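Observations on the model geometry
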Amino acid sequence: MSGRKTIEPTHRYRNNDKAVGVGNAFWDLSERNGLAGIVAELDDGRPGVLHTEDGHEFTNFTCCSYLDLDSHPEVIEGAVAALRRFGVLDHCIPRSRVQIPALLELEASLGELFGSDVVAAISAGVASAGLLPLIASGHLGNGVRPLMVFDKNCHVSMAGAKPACADETEVVSCGHHDLTFLQDMCKRYERVAYVVDGSDSLGGYAPVRELAELQEKYGLLVYYDDSHSLSAYGERGIGYVRTHCPVLDERTITVATLNKAFGTSGAVILLDGYPKDALRVVERFAGALSYSQPMNTAAVGASLASAEIHRTEELTELQGRLRANIALFDSHIKTEQTGTTFPIRLVPMSDETVIEAGRRVYRAGFHVSPVFFPIVPRGTAGLRVMLRAGQTEEQIRGLCAALVEVGVPQAAPVSEQASVPEQTSVPEQASVSVEGAR
Ligand SMILES: *Cc1c(COP(=O)(O)O)cnc(C)c1O
């Protein structure tokens, strides 16, 4: 015995023993079966097809670029043009001191597009890590320190901010979309802030209308991360939250990545009804927003070009193609998400069979991601499939045939299918979200 102290962690808000313990075994098993750690290049001629160095070809069904804007020629050109125009990739100084006009131009464009004030960030993860502690201390909000309620399924990029928030205020977690609990808290606390995904990474949407009632009645502040539905959903791609939430003022704050359906890189913070100084406080004090790099010039240029596409009929067409592809998949394979607008499907499997099924589907030329216990609760394992606008009918039919080949039951012909509600959601995720749902 050295007599020196060892440390007992409190693990009140995070637990790496559990996260790494649970998650690493999952990744190791996935990698041993060739389903993770893949290195592959895009095939020039055929969109969405990748090939590995040893010559295996596959169509990627695990990519969140739902509208394929990330490889759109105008988006690529936009990145190059902005680099030429501004003549610098990353002007290395906090924007609050000196900035080139690139970000301001982008914020103005996206503000007009989404009908809100916009602050850009380099990623949604960085935005949440910076914003949530400011909300916890009341500096972003109405000045009252709120009770911070984190939804138990909220994305790891938000859950990771709990310890920092807990140093500023009280932090609790609640059941998935537990409105009763929220209402109780609203009755007990002068101010409550609820942190939740607008669109879940395994399907399903936040109950924005019910939350709006609590916002109207009690002044509840809701912090949404709508990364999975920006661009893919709603007029001009404004996303699920801003399409359906009737409260668009100081009580609703939405962040969303530009890295998924928007097809570029970076993130937006969408704010309404905050004075200019509140936006300055965000730029100056929201963690890495104040001291680290902002979106670089190429990302800004690409985003300006993607925003232009959002203003045209082409966006509606791409959304339509995405919906048609989702419907085509649904006509072959039945899942809990069948009939919803959400681009992700979880094809149910048992924990024992899912890895082998994923391996065989991959060998057949389609990459889908297996999820299984312990990263999701027992009984909720499956192959996660992401549909995109650019996938061809042939690719989708091919995937469905490969799924049937590994034992997935074929959907009943359309006439026999029961009608399904618009918003179903899959069983809740385990609380340790180690899978980085992207
Ligand atoms: C993908 C995803 C993110 C990560 O976005 P970045 O901009 O890459 O940080 C954050 N939140 C949710 C809900 C996501 O699905």
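Residues numbered from 1 in each chain as written. Predicted model: local features only at pLDDT ≥ 70, side-chain atom pairs only at ≥ 80, totals over all residues. Heavy atoms only, no water.

Looking at an unreviewed UniProt entry, one finds the protein chain named 8-amino-7-oxononanoate synthase and attributed to Streptomyces milbemycinicus. The Catalytic activity (unreviewed entry) comment attached to the protein chain in UniProt states, word for word, "6-carboxyhexanoyl-[ACP] + L-alanine + H(+) = (8S)-8-amino-7-oxononanoate + holo-[ACP] + CO2". Turning to the protein chain, the UniProt annotation filed under Cofactor (unreviewed entry) states: "pyridoxal 5'-phosphate". (UniProt positions renumbered as here; feature names shortened; annotations may be inferred.)

The two faces of the sheet receive side chains in turn, since in a regular strand these alternate between them. For strand β5 (residues 147-151), the tally of buried residues reaches five of five residues, placing the bulk of the element in the interior. Of the two faces of β5, the one carrying L147, V149 and D151 and the one carrying M148 and F150 are both buried. Taken together, the four bridges between β5 and strand β7 (residues 192-197) define a ladder with parallel strand orientation. Within the sheet, the bridge partner assigned to V149 lies in β7 and is Y194. (Buried < 20%, exposed > 50% of the residue type's maximum accessible area, 1.4 Å probe, protein only. Helix = DSSP H or I, 4+ residues; strand = E, 2+ residues; numbered from the N terminus. Pairing = 2+ DSSP bridges.)

Here the focus is helix α8 (residues 208-218). Listing the buried residues of α8 in full gives V208, L211, A212, L214 and Q215. Seen from one end, α8 has its buried residues packed into an arc of 160 degrees, which puts them on one side. Facing away from the buried side of α8 by over 90 degrees, the exposed positions are E213, E216 and K217. On the buried face of α8, the contacting elements are α7 (179-188), β7, β8 (221-225), α9 (239-244) and β9 (252-257). Where α8 ends, the next residue or the one after it, G219, has phi of about 75 degrees, a positive value. (Arc of directions from axis to C-beta. Contact = heavy atoms within 4.5 Å.)

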